[in-house]
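Next come the chains, spelled out residue by residue.
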Amino acid sequence: MTDLSPMQLPSDPLSVEMDEVQARAQLVLALRGHGVGDRAVLSAIERVPRRLFLAAVHHSLAYEDSSLPIECGQVVLAPSFVARMAQALKLESSHRLLEVGTGSGYQAAVLAHLAGQVDSIDRYATLASLAGQRTAALKLSNVRIHVGDGMEGLKQKAPFDRIVLTGAVEEIPEALLSQLAPGGILMAPVGLSGKPQIMTRVTRGEDGDQSEDLEIVRMVSLIKGAAERL
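Here, residues in each chain are numbered from 1, in the same order as that chain's written sequence. Predicted model: local features are reported for residues with pLDDT of at least 70 only, side-chain atom pairs are reported and counted for 80 or more only, and whole-chain, interface and lining totals are derived from all residues. No hydrogens and no water enter the side-chain calculation; it runs on all heavy atoms of the structure.

Engineer: Tell me about the overall build of the protein chain, and please be specific about residues and values.
Structural biologist: Every helix listed is a DSSP run of H or I at least four residues long, and every strand listed is a run of E at least two residues long, numbered separately from the N terminus. Assigned secondary structure in the protein chain consists of 6 helices and 9 strands. Relative to the globule expectation of 17 Å for 230 residues, the C-alpha radius of gyration of the protein chain, 17 Å, shows essentially globular dimensions. Seen along its three principal axes, the alpha-carbon backbone of the protein chain occupies a region of about 50 × 40 × 35 Å. Any residue under 20% of the maximum accessible area for its type is buried, any over 50% is exposed, and the rest in between are partly exposed; the area is computed with a 1.4 Å probe on protein chains only. In the protein chain, which comprises 230 residues, the share counted as buried stands at 50%. We call two residues in contact when some of their heavy atoms are within 4.5 Å. In the protein chain, once contacts between residues fewer than 6 apart in sequence are set aside, the share between residues at least 24 apart is 56%. Radius of gyration: C-alpha atoms only; globule rule: 2.2 Å multiplied by the number of residues to the exponent 0.38.

Engineer: Lay out the pairing of strand β4 (residues 117–122) in plain terms, naming residues and giving numbers.
Structural biologist: Burial runs high along β4: 5 of the 6 residues are buried. Strands pair, by our definition, only if DSSP identifies at least two bridges between them. With 5 bridges joining them, strand β3 (residues 96–100) and β4 adopt parallel strand pairing. Counted as the bridge partner of E99 is S120 from β4. Orienting the strands away from the viewer, one traces the path from the first strand over the helix to the second; a clockwise path indicates a right-handed crossover. Crossover connection from β3 via helix α4 (residues 106–112) to parallel β4: handedness right-handed. Inspection of the sheet shows β4 paired to strand β5 (residues 143–147) by 5 bridges, in the parallel sense. By the bridge assignment for β5, D122 is matched with V147. As a crossover connection, the stretch from β4 through helix α5 (residues 125–137) into β5 is right-handed.

Engineer: Give me the pairing of β3: which residues, what numbers.
Structural biologist: Most of β3 sits out of view: 4 of its 5 residues are buried. Strand direction decides the pairing type here: β3 and strand β6 (residues 160–165), joined by 4 bridges, are parallel. Opposite L97, over in β6, you have R162 as the bridge partner.

Engineer: An account of the packing of aromatic side chains is requested, with residue identities and associated values reported.
Structural biologist: Note on ring pairs: Phe, Tyr and Trp rings are taken, using the six-membered ring of Trp, and paired if centres are within 6.5 Å. Classes follow the plane angle, with under 30 degrees stacked, over 60 edge-to-face and the rest tilted. This model, assessed by the stated rule, comprises 1 aromatic pair. Cation placement over rings: the criterion is NZ of Lys or CZ of Arg within 6 Å of the ring centroid and within 35° of the ring normal. The ring of Y106 has R50 lying over it, and the distance from NZ or CZ to the ring centre is 5.5 Å. The ring of Y124 has R123 sitting right over it, with the charged end atom 5.2 Å from the ring centre.

Engineer: Run through the pattern of salt bridges, naming residues and quoting values.
Structural biologist: By convention in these notes, a salt bridge is any Lys or Arg side-chain nitrogen within 4 Å of a carboxyl oxygen on Asp or Glu. For the structure on display, the rule yields 8 salt bridges. Two residues, R24 and E20, come together in a salt bridge whose shortest N-O distance is 2.7 Å. Highlighted residues: R24 and E20, both in helix α1 (residues 18–33), separated by 4 residues, approximately one helical turn. Here R24 matches E20 in class, with each residue buried. Taking the shortest distance from any N to any O, the salt bridge between R204 and D209 comes out at 2.9 Å.

Engineer: Can you lay out the nonpolar core for me, pointing to particular residues and giving the numbers?
Structural biologist: Buried residues of nine kinds, namely Ala, Val, Leu, Ile, Met, Phe, Trp, Tyr and Cys, make up a nonpolar core once their side-chain atoms join them within 4.5 Å. One finds I45, L89, L97, Y106, L111, V118 and M187 to be the most contacted residues of the largest nonpolar core, which totals 49 residues. Not counting chain neighbours up to four residues away, the residues in contact with I45 comprise L27, L31, P79, V82, A83, Y106 and V110.

Engineer: Tell me about helix α3 (residues 79–89), and name the residues and values.
Structural biologist: The element α3 is largely enclosed, with a buried count of 9 among its 11 residues. K90 lies just past α3 and shows a positive phi near 55°.

Set out below in structure tokens:
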């Protein structure tokens, strides 16, 4: 298989060989064992070819439940993490979702099978370009990839029913909270860089925002601003 540089995407990313079918099925069984019981989430995970979001050297590990390196020094999130976040977001087909930190585009692709519209923003133009090509190759017409400062969100597209951050913040930016619709949910890893963070779920209610701690995570911190290079 060829490397996933901008001009070398597989000609038919939707084709599935038998060994991959088995690998995806085994991954779903493993996720069930990790407490992911939402059938829609498991179906979304099974439908997305994770190999498409990885360089060729990592294709053999595509359906392992682990994070893997991608371009710009970033990582693609482990399937179990993506599944738990998707489950905790309580997504419906009518929801408009903002993802802050596109990365490879893998999580956006999974969420696209659960939400009505996914807008994803990344500070790295390289990542955004590749993610856009990958989601387009999968014919995910409800995904839009943007380049910019994720800390500022996408005011022109707000409000969002769901907002999810794929990197840690010391505190949730007010700019993102202001773009959350009534009844909406925002999820973010909150804590210091290099230390354990708490995955926090904020729900916007009639009487104000309610916050709850879900689990301890370790994630790279989000960086303010768009990258001048890459």
